[in-house]
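Fold and geometry: a report
Residue-level listing of the chains:
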Amino acid sequence: MTETPPKVVCLGSLNMDLVIAVPRAPAEGETVQGDSIRYVPGGKGANQAVSCARQGADVSMLGRVGPDHHGQVLSEALQQDGIAVHGVLVDPEVATGVAMVMVEASGLNRIVVIAGANGQVCLDEAQLAQELQDAQFLIMQFEVPMPQVLQAARVARSLGCQVVLNPSPAQTLPEALWPLVDVMIVNETEARFLTGLSPDTDPKVAAEVGRQLRSKGVSQAVVTLGALGAVATDAGGSTYHPAPQVKVVDTTAAGDTFLGAVTVALASQRSLSASVDMGIKASTLCVQTMGAQPSIPTLAQTQQNLSVPPWMSL
Ligand code: RIB
């Protein structure tokens, strides 16, 4: 007998990423010769949807693109991963979102996003409720308008669907949104913005970030620390999950990949710690390949031959 895959709905952005490889980012007023330019499907929402689908979930995407070639390519890319795109509307008035992603030789990136159609996302509540029927998780980020995020969280919770929020790019949350969030996943920058703490090099500070996010109403909080791994905090306390050390090619979509793997593992009834280990494995594979969606691993790739260091209680 085959298991029914968990159902995940993603409300979020679709961007065409213009990926420019540079030896190093230019300083102010400086011009630097780039190595290459590529057009790669991205957008935090679409990346997270792809990560969930490649981890084995049944995924529906809600978002908006423009009536242009980029929009068509992005929708087709999602369909190739088996993602339902009937909720990705084509806005006749606005161009598809674009992100300029500058990747340095070290693998670190700098991203500028032009929201385009993502900024026009507007939900029909009845249609949203229909999408969320039977879904275990709704995943969202902040590349679509905040009122839509809040409305979707309300509808999801009223239907018993859990809300996973990646508050990225960092913005102040409306007070009403905090208690609607079941799982919040933040990186160091978002942690600093939301709590004023800098967890970058210290898992204990990340645990304090997790406790502060929980005190605002979030049930489970995960702080990602790049090459150092991640810290998970729930009612039972905090655990530190170190990451295996690998050669980094490009960190774009590492956080999105992590979120997808954690979400699908949680939806498959794994513990938060076991789910974060899946996120670490998947994102460790992601950073070893250039580009957003092409670098997101499948479940089989994630499970294959990659062990993670043991996690520890903090
Ligand atoms: O998280 C990575 C993504 O952020 C990129 O794919 C880019 O589109 C921006 O949205």
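Residues numbered from 1 in each chain as written. Predicted model: local features only at pLDDT ≥ 70, side-chain atom pairs only at ≥ 80, totals over all residues. Heavy atoms only, no water.

The name an unreviewed UniProt entry gives the protein chain is Ribokinase, with Rhodoferax fermentans as the organism. In UniProt, the protein chain has this text filed under Subcellular location (unreviewed entry): "Cytoplasm". Quoted verbatim from the Pathway (unreviewed entry) heading of the UniProt record, the comment on the protein chain is "Carbohydrate metabolism; D-ribose degradation; D-ribose 5-phosphate from beta-D-ribopyranose: step 2/2." (UniProt positions renumbered as here; feature names shortened; annotations may be inferred.)

1. Digging into the pairing of strand S5 (residues 84–90)
Consecutive side chains of a regular strand alternate in pointing toward one face of the sheet and then the other. Relative to S5, strand S4 (residues 58–65) runs parallel, the two being bridged by five bridges. The partner of Val-65 across the bridge, within S5, is Val-90. (Pairing = 2+ DSSP bridges. Helix = DSSP H or I, 4+ residues; strand = E, 2+ residues; numbered from the N terminus.)

2. Some words on the UniProt feature "domain: Carbohydrate kinase PfkB" (unreviewed entry) in the protein chain
With numbering aligned to this structure, UniProt lists the feature "domain: Carbohydrate kinase PfkB" (unreviewed entry) at residues 7–298. With 32% helix and 26% strand, the stretch residues 7–298 has end C-alpha atoms that lie 17 Å from each other.

3. Observations regarding the site of the ligand
What surrounds the ligand is the set Asn-15, Asp-17, Gly-42, Gly-43, Lys-44, Asn-47, Ala-99, Val-113, Glu-143, Ala-253, Asp-256 and Ala-292. Contact distances for the ligand include 2.6 Å between an oxygen atom and a side-chain N or O atom of Asp-17. Here Asn-47 contributes a side-chain N or O atom positioned 3.0 Å from an oxygen atom of the ligand. Protein coverage of the free-state accessible area of the ligand, which is 280 Å², stands at 96%. At the level of secondary structure, the elements contributing two or more residues to the shell around the ligand comprise strand S2 (15–22) and helix H1 (44–54). Tallied by class, residues from the shell around the ligand come to four nonpolar, four polar and four charged. (Near = heavy atom within 4 Å. Polar contact = N/O pair within 3.5 Å; in protein donor to acceptor, adjacent residues only side chain to side chain. Areas by Shrake-Rupley, 256 points an atom, 1.4 Å probe, with all protein chains shown as cover. Nonpolar A, V, L, I, M, F, W, Y, C, P; charged D, E, K, R; others polar.)

4. Overview of unusual backbone geometry
Going from Ser-168 to Pro-169, the amide bond is cis rather than trans, its omega being -5°. Locating Pro-169 in the fold gives a position in the loop between strand S9 (162–165) and strand S10 (183–186). The backbone of Asp-134 sits at a positive phi, close to 70°, despite the residue not being glycine. Considering the arrangement of structural elements, one finds Asp-134 in the loop between helix H3 (125–132) and strand S8 (137–140). For Asp-134, a relative accessible area of 67% puts it in the exposed group. (Buried < 20%, exposed > 50% of the residue type's maximum accessible area, 1.4 Å probe, protein only.)

5. Focus on the environment of Asp-256
Locating Asp-256 in the fold gives a position in helix H7 (residues 254–267). Overall, the relative accessible area of 7% leaves Asp-256 in the buried class. Counting along the chain gives 81 residues from Asp-256 to Glu-175, while the straight-line C-alpha distance between them is 25 Å. When sequence neighbours within four positions are dropped, the list of residues in contact with Asp-256 reads Lys-44, Asn-47, Gln-48, Ser-51 and Asn-166. (Contact = heavy atoms within 4.5 Å.)

6. What about the sheet that holds S8?
Read from one edge to the other, the open sheet built from 10 strands follows the order S5-S4-S1-S8-S9-S10-S11-S12-S13-S14, with strand pairing classed as mixed. Looking at which strands have only one partner, the edges of the open sheet turn out to be S5 and strand S14 (312–313). With four bridges joining them, strand S11 (residues 220–224) and strand S12 (residues 230–234) adopt antiparallel strand pairing. The residue bridging Val-223 from the neighbouring strand is Val-231, located in S12. Packed on one face of the sheet, helix H6 (residues 203–215) meets S10, S11, S12 and strand S13 (237–241) and runs near 35° to S12. Contacting S11, S12 and S13, helix H8 (residues 272–286) crosses the sheet at an angle of about 155° to S12. (Axes fitted to C-alpha atoms, helices over the stretch in contact; angles between N-to-C directions.)

7. Some points on the state of the cysteines
Overall, the coordinates contain zero disulfides when judged by the stated rule. Of the cysteine sulfurs around Cys-10, a residue in no disulfide, the closest is that of Cys-52, at 7.2 Å. For Cys-10, a relative accessible area of 0% puts it in the buried group. The structure places no disulfide on Cys-161, whose sulfur is separated from the nearest cysteine sulfur, that of Cys-52, by 12 Å. (Disulfide = S-S within 2.5 Å.)

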